[in-house]
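The chain contents come next:
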Amino acid sequence: MIKIVSRFSGKNQLRIGEIAEFEIIRANEQVETRAYVTHQNVHYLKPLNNWNSSNTLLFFPESPGRYTLAIQWRHPQGAHGWIQQHFQVNADRQTTSTPQQIQIDQNTRIWAPGEWEALLLKDYEKPAANLLPRIVAPASVVYDIGANLGIYSLCFSRLVGPQGRVYCFEANPVCVYFLQANLELNQAKNCEILPVAITDQPGNVNFTLNYGNSALGLIQTSGFYASKTGHEIGVHGLTIDTLIETFDLASPNLIKIDIEGAEEYAVIGLQKTLERCHPTILLEVHGRQAAHPTFRRLHNLGYRFQEITSGQTFDNLEALLNWFPEAVMQFLCTPVD
């Protein structure tokens, strides 16, 4: 009833960073399909798409390894079935999926879930990391929202020193496991982990995690949620304002936010804190859809913006929004004096 034809250059192989394009050839235009992905023996139960009649399927593999695209099809008269296409995503070198311990710098060793992620972490976000000594003062309080495996948390821990405090907020349970191990490995005793999703309102929320790439934990408010495959679970969501009030957290001097497209919702749940404390914000913004509402809210709260890699500053909000590309970018957001 249907046939899958891969439209990438190699014979069922492509390189990490390339889009996997497939053509779905239908014997009858009334046939609908939806797609699932298996990666390295993990069968993700969240579909890539809803039932549709599109002849093109695009999928962006987030990590190397063996993949299977499984297409489920159905006809209005009751016929139905499955068809599969296997393909391989290659990186610069063959890697294993076993946990690895690596040296980030002379002061920091961390555990990573797999060898490929460990190699990526060796070149982690250095422009932002180089900025940290200038914006993190000893004895200050830092909120690391989207702490992931703890690279930033460990930098913050050293910079604030024994009199300071680092709160690590992370919703992905796999990352929490490695985050705890990495804090203990580096004796970061001034850090505290809060395993919660940072949202605009309290409540349980959907969350997907990817076992091939720990950076891809997505809360349902992210603009990327519907288009990313993963293991879908429920997590508890709270606002920062609620967490401070409920658990008597120390007020922040610096907040780092990196939550894969849900930045606006974290800022909504931070509004009372931002109005009261005026902390500096280290913000990673994931594309124009997330950038526009996030920057507007921060601008209305009295913040100005500097793109970290280039150092370009923006005092005019509309100039920033018109300039912002469809990309992931890091900004330093500082309150106007």
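Sequence positions are assigned chain by chain, starting from 1 and proceeding in written order. In keeping with the predicted nature of the model, local features appear solely for residues at pLDDT of at least 70, side-chain atom pairs appear and are counted solely at 80 or more, and the whole-chain, interface and lining totals rest on all residues. Just so you know, side-chain values use all the structure's heavy atoms and leave hydrogens and water out.

Engineer: Quick question: what am I supposed to make of the sheet that holds strand β15 (residues 203–209) here?
Structural biologist: Adjacent strands of a sheet pair through backbone hydrogen bonds, lying either parallel or antiparallel. The rule for pairing is simple: two strands pair if DSSP sees at least two bridges between them. Elements are defined by DSSP. Helices are runs of H or I of four residues or more, strands are runs of E of two residues or more, and each kind is numbered from the N terminus. Pairing is mixed across the open sheet formed by 4 strands, whose spatial order is β14-β17-β15-β16. Each edge of the open sheet is held by one strand with a lone partner, namely β14 (197–198) and β16 (218–219). Sheet topology places β14 next to strand β17 (residues 231–238); 2 bridges connect them, and they run parallel. Bridge assignment links A197 to a residue of β17, and that residue is G237.

Engineer: What's the story with the pattern of salt bridges in this structure? I'm lost.
Structural biologist: Salt bridge, as used here: a side-chain nitrogen of Lys or Arg that lies within 4 Å of a carboxyl oxygen of Asp or Glu. Under the counting rule described, the total for this entry stands at 10 salt bridges. One salt bridge in this structure joins R74 and E32, with 2.9 Å as the shortest N-O distance. A residue pair is termed long-range when its members are at least 10 positions apart, and R74 in strand β7 (residues 65–74) and E32 in strand β4 (residues 32–39) qualify at 42 residues. The closest approach of N and O atoms between R93 and E115, which form a salt bridge, is 2.4 Å. Taken together, the positions of R93 in the loop between β8 (80–90) and β9 (100–105) and E115 in helix α1 (residues 115–121) put the pair 22 residues apart, joining distant regions of the chain. The buried label goes to any residue with under 20% of its type's maximum accessible area, the exposed label to any with over 50%, and the partly exposed label to all in between, with areas taken from a 1.4 Å probe on protein chains only. Judged by relative accessible area, R93 falls into the partly exposed class, the value being 45%.

Engineer: Got a minute to help me understand the side chain of E117 in this structure?
Structural biologist: Assignment of secondary structure puts E117 in helix α1. Within this scheme the basic residues Lys and Arg register as positive and the acidic residues Asp and Glu register as negative, but His and the chain ends are omitted. It is K256 that comes nearest to the buried, bridge-free E117 among opposite-charge side chains, at 14 Å. In this structure E117 touches A112, G212, N213, S214 and A215, once residues within four positions along its chain are discounted. Whether two residues touch is decided by their heavy atoms; if any such pair falls within 4.5 Å, the residues are in contact.

Engineer: Got a minute to help me understand the side chain of K46 in this structure?
Structural biologist: Assignment of secondary structure puts K46 in the loop between β5 (42–44) and β6 (56–59). Of the side chains with opposite charge, E232 comes closest to the buried, unpaired K46, at an N-O distance of 5.0 Å. Polar contact is the term for a pair of N or O atoms within 3.5 Å; when the atoms are in protein, one must be able to donate a hydrogen and the other to accept it, and sequence-neighboring residues count only if both atoms are side-chain atoms. Within the local environment of K46, its side chain forms a polar contact with the backbone oxygen of Y225, the two atoms lying 2.4 Å apart. Polar contacts involving the side chain of K46 include one to the main-chain carbonyl oxygen of K228, which spans 3.0 Å. Sequence-distant contacts of K46, defined by excluding residues within four places in its chain, comprise Y36, T208, Y225, A226, K228, T229, G230 and E232.

Engineer: For this particular structure, what's the right way to read the pairing of β15?
Structural biologist: In summary, the side chains of a regular strand alternate between the two faces of the sheet. In this sheet, β17 lies alongside β15 in antiparallel orientation, the contact comprising 7 bridges. Looking at β17, one finds that G203 is bridged to G237.

Engineer: For this particular structure, what's the right way to read the layout of surface pockets?
Structural biologist: Where empty space is left in the structure can be found by rolling a water-sized probe over the atoms. Space inside the largest pocket adds up to approximately 1200 Å³. What lines the largest pocket is a set of 47 residues, and nearest its centre among them are N213, A215, D258, E260 and E284. At the level of elements, α1, α3 (151–160), β14, β16 and β19 (280–286) are the ones that each hand at least two residues to the lining of the largest pocket. Considering only residue class, the lining of the largest pocket consists of 27 nonpolar, 9 polar and 11 charged. Throughout, the protein atoms alone are placed on a 1 Å grid, and a set of points is a cavity if a 1.4 Å probe fits but cannot get out or a pocket if it is open with protein on both sides within 12 Å along at least five of seven lines; lining residues have an atom within 4 Å of a point. Grid points are joined across faces, edges and corners, and a volume is the space filled by probe spheres set on the points. Here the second largest pocket is characterised by a volume of approximately 580 Å³. Lining the second largest pocket are 32 residues, and of these Q40, P64, T95, T96 and S97 lie nearest its centre. Lys, Arg, Asp and Glu make up the charged group, whereas Ala, Val, Leu, Ile, Met, Phe, Trp, Tyr, Cys and Pro make up the nonpolar group; the residues left over, Gly among them, are polar.

Engineer: It is not clear to me how the sheet that holds β4 should be interpreted in this structure. Could you clarify?
Structural biologist: Pairing in this open sheet of 5 strands is mixed, and the strands run β2-β8-β7-β4-β5 from one edge to the other. Strands with a single pairing partner mark the edges of an open sheet, and in this sheet they are β2 (13–15) and β5. Going across the sheet, the axis of each strand differs from the next one's by a mean of 30°, ignoring polarity. Where β4 and β7 come together, 8 bridges link them in antiparallel fashion. Across the sheet, residue Y36 finds its bridge partner in β7, namely A70. Working convention: axes come from line fits to C-alpha atoms, limited for helices to the stretch in contact. Angles between N-to-C directions cover 0 to 180 degrees.

Engineer: For this particular structure, what's the right way to read helix α8 (residues 288–300)?
Structural biologist: Because an α-helix completes one turn every 3.6 residues, residues spaced three or four positions apart along the sequence face the same direction. Under the 1.5 Å per step criterion, the end-to-end length of α8 is 18 Å for 13 residues, consistent within 8% with the ideal 18 Å. Those residues of α8 not exposed but buried are A290, A291, T294, F295 and L298. Burial along α8 is one-sided: seen end-on, the buried residues are contained in an arc of 105°. In α8, the exposed positions angled more than 90 degrees off the buried face are occupied by Q289 and N300. Packed against the buried residues of α8 are α6 (263–268), α7 (271–277), β19, β20 (303–307), α9 (317–323) and β22 (328–335). Phi turns positive, to about 90°, at G302, one or two residues after α8. Given the number of residues in a helix, its expected span is that number minus one, multiplied by 1.5 Å. Directions are taken from the helix axis to each C-beta atom, and the arc is the one they span.

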